[in-house]
Amino acid sequence: MEKDKLGTELKIIMEEEAFDMTLSQAAMDNILAVRKKKLSQKINDFLNKEIEISLIPVIVGLAALFAITIIPKNIFNLKESHIINIDGSQIIVRDSYEVVKNEDKD
């Protein structure tokens, strides 16, 4: 198999001619923006994106998640209670005071 001497000579000449040439930043940005990206480059660009999240929604979301998961279901259930009013004061009598985290009734 013969080597392509003309191709290698042209390559050497082009490298010598373009050795001291530099592209402007705008031209390099244009080339990078127009080129077709591989799947791995698209994934890498997606993973390297900077995400900004406000602190207030994060705190509200965590507080809501905490409230949903930690507070028992029937803590506000006052079905079995009696309120007795005595001279402007109230006495609350509950027949059963039991707070259950998970209520499983079959």
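Anything mentioned here points back to the structure above.
Let me sum up the structure you'll find in this document. None of these values were measured; they are calculated from a predicted model.

**Let's talk about the pattern of salt bridges**
Phase 1 of the analysis: The full count for this structure, using the stated rule, is 1 salt bridge.
Phase 2 of the analysis: The shortest N-O distance in the salt bridge between lysine 37 and aspartate 45 comes to 2.7 Å.
Phase 3 of the analysis: For lysine 37, a relative accessible area of 32% gives the class partly exposed.
Phase 4 of the analysis: Residue classification places aspartate 45 among the partly exposed residues on the basis of a relative accessible area of 35%.

**Things to note about unusual backbone geometry**
Phase 1 of the analysis: Its identity is not glycine, yet aspartate 87 carries a phi of approximately 50°, on the positive side.
Phase 2 of the analysis: Under the relative-accessibility criterion, aspartate 87 is labelled exposed at 80%.

**Concerning a nonpolar patch on the surface**
Phase 1 of the analysis: Taken together, the side chains of Ile51, Ile53, Val58, Leu62 and Leu65 make up a nonpolar region of the molecular surface, amounting to roughly 530 Å² of accessible area.
Phase 2 of the analysis: Topologically, leucine 65 is positioned in helix H4 (residues 55-70).

**Things to note about the pairing of strand E2 (residues 89-94)**
Phase 1 of the analysis: Where strand E1 (residues 81-86) meets E2, 6 bridges bridge the pair, whose relative direction is antiparallel. Paired with isoleucine 86 across the strands is serine 89, a residue of E2.
Phase 2 of the analysis: Where E1 folds back onto E2 in an antiparallel hairpin, the turn is made up of 2 residues, including aspartate 87, whose phi is positive at roughly 50°.

Definitions and limits used
- Residues numbered from 1 in each chain as written.
- Predicted model: local features only at pLDDT ≥ 70, side-chain atom pairs only at ≥ 80, totals over all residues.
- Heavy atoms only, no water.
- Salt bridge = Lys/Arg side-chain N within 4 Å of Asp/Glu carboxyl O.
- Buried < 20%, exposed > 50% of the residue type's maximum accessible area, 1.4 Å probe, protein only.
- Patch = residues over 30% accessible without salt bridge, like charges linked within 9 Å, V, L, I, M, F, W, Y side chains within 5 Å.
- Areas by Shrake-Rupley, 256 points an atom, 1.4 Å probe, with all protein chains shown as cover.
- Helix = DSSP H or I, 4+ residues; strand = E, 2+ residues; numbered from the N terminus.
- Pairing = 2+ DSSP bridges.

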